[in-house]
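Observations on the three-dimensional arrangement
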Amino acid sequence: ALSFPAGFRVLYAEDDAVLRRSIVLRAFKPLGAPVDEASDGRSALHTFEASPLAHYALMLLDNQMPNMTGAALAIELRRRGYVGKVIGMTGDPKGSSDRDTFERSGVDLVLDKDSSSVRRFKEILASYAAQPEDALVH
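Let us look at the structure shown here. Position numbers for residues count from 1 along each chain, tracking the sequence in the order it is written. A pLDDT threshold of at least 70 governs which residues receive local features in this predicted model, and a stricter bar of 80 or more applies before side-chain atom pairs are shown or counted, although totals over entire chains, interfaces and linings include all residues. Each side-chain value is worked out from all heavy atoms of the structure, with water and hydrogens disregarded.

Right, let's talk about the packing of aromatic side chains for a bit. Working definition: a ring pair exists when centres of Phe, Tyr or Trp rings (six-membered ring for Trp) sit within 6.5 Å. Plane angles under 30 degrees give stacked, over 60 give edge-to-face, the rest tilted. Scanning the model with the defined rule gives five aromatic pairs in all. Between Phe8 and Tyr128 the ring centres are 5.4 Å apart and the planes differ by 40 degrees, which places this aromatic pair in the tilted class. Of this pair, Phe8 sits in the segment before strand S1 (10–13) while Tyr128 sits in the segment after helix H5 (115–127); the two residues are 120 residues apart in sequence, bridging distant segments of the chain. An aromatic cluster is built from Phe4, Phe8 and Tyr128, whose rings are joined through pairwise contacts. Helix and strand definitions here come from DSSP, where helices need a minimum of 4 consecutive H or I residues and strands a minimum of 2 consecutive E residues; each element is numbered from the N-terminal end.

Written out as structure tokens, the structure is:
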């Protein structure tokens, strides 16, 4: 496990419980990264609202979720002043209108739901372990 700065947390919103558990076990747990999980966009927004603004250095969002899509959540997070990194992970194919909307919603990066993207996310997550605490939110 890596050593993350004090106070570092990730908010992960994914409605597919099996996939959410799989990503937690494949990405967060091996690196020792603290993560809060939400089962849809609205519950992720409630979790965000209950925390200090800079509490989450990183967010991983699915797009196609009930109650609030990842795109709508990203727009709302940015509207509320969240400046941390937001990564989308979606099964929406490149070129689809849903993916285009997601890519324009304020996310920093959109990854496909595949093994190479999980590895890429782990690399991004691991990069936070080496950063001083004051560099977490840019």
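Read on, since the account is not over.
Another point: the pairing of strand S3 (residues 58–62). Categorising residues by exposure relies on relative accessible area from a 1.4 Å probe, with only protein chains included: less than 20% of the type maximum marks a residue as buried, more than 50% marks it as exposed, and the intermediate range marks it as partly exposed. Across the five residues of S3, five count as buried, placing the element largely inside the fold. Both faces of S3 are covered, namely the face carrying Leu58, Leu60 and Asp62 and the face carrying Met59 and Leu61. As a crossover connection, the stretch from S3 through helix H3 (residues 70–79) into strand S4 (residues 85–90) is right-handed. Looking down the strands as they point away from the viewer, one classifies a crossover as right-handed if the path from the first strand across the helix to the second runs clockwise.

Now for helix H1 (residues 17–31). To estimate the expected span of a helix, count its residues, drop one, and scale the result by 1.5 Å. The end-to-end C-alpha distance of H1 is 21 Å, a good match for the 21 Å that 15 residues give at a rise of 1.5 Å each. To get the bend at a residue, fit one axis to the 7 residues ending there and another to the 7 starting there, then take the angle between the axes. At Leu25, H1 is bent by approximately 35 degrees, the largest bend along its length. Within H1 the residues assigned to the buried category are Arg20, Ile23, Val24, Ala27, Phe28 and Leu31. Residues of H1 that are buried make contact with S1, strand S2 (35–38), S3, S4 and H5. Positive backbone phi, approximately 75 degrees, marks Gly32, located one or two places after H1. Between two residues, a contact is recorded if the distance between any of their heavy atoms is within 4.5 Å.

We now examine the environment of Thr69. Among the structural elements, Thr69 can be located in the loop between S3 and H3. With a relative accessible area of 29%, Thr69 lands in the partly exposed category. Separated by 29 residues in sequence, Thr69 and Asp40 have C-alpha atoms that sit 7.7 Å apart. In this structure the side chain of Thr69 is engaged in a polar contact, spanning 3.0 Å, whose partner is the backbone nitrogen of Ala72. Within 3.5 Å is the distance limit for a polar contact, defined as a pair of N or O atoms, with the added protein rule that one can donate a hydrogen and the other accept it, and that residues adjacent in sequence qualify only through two side-chain atoms.

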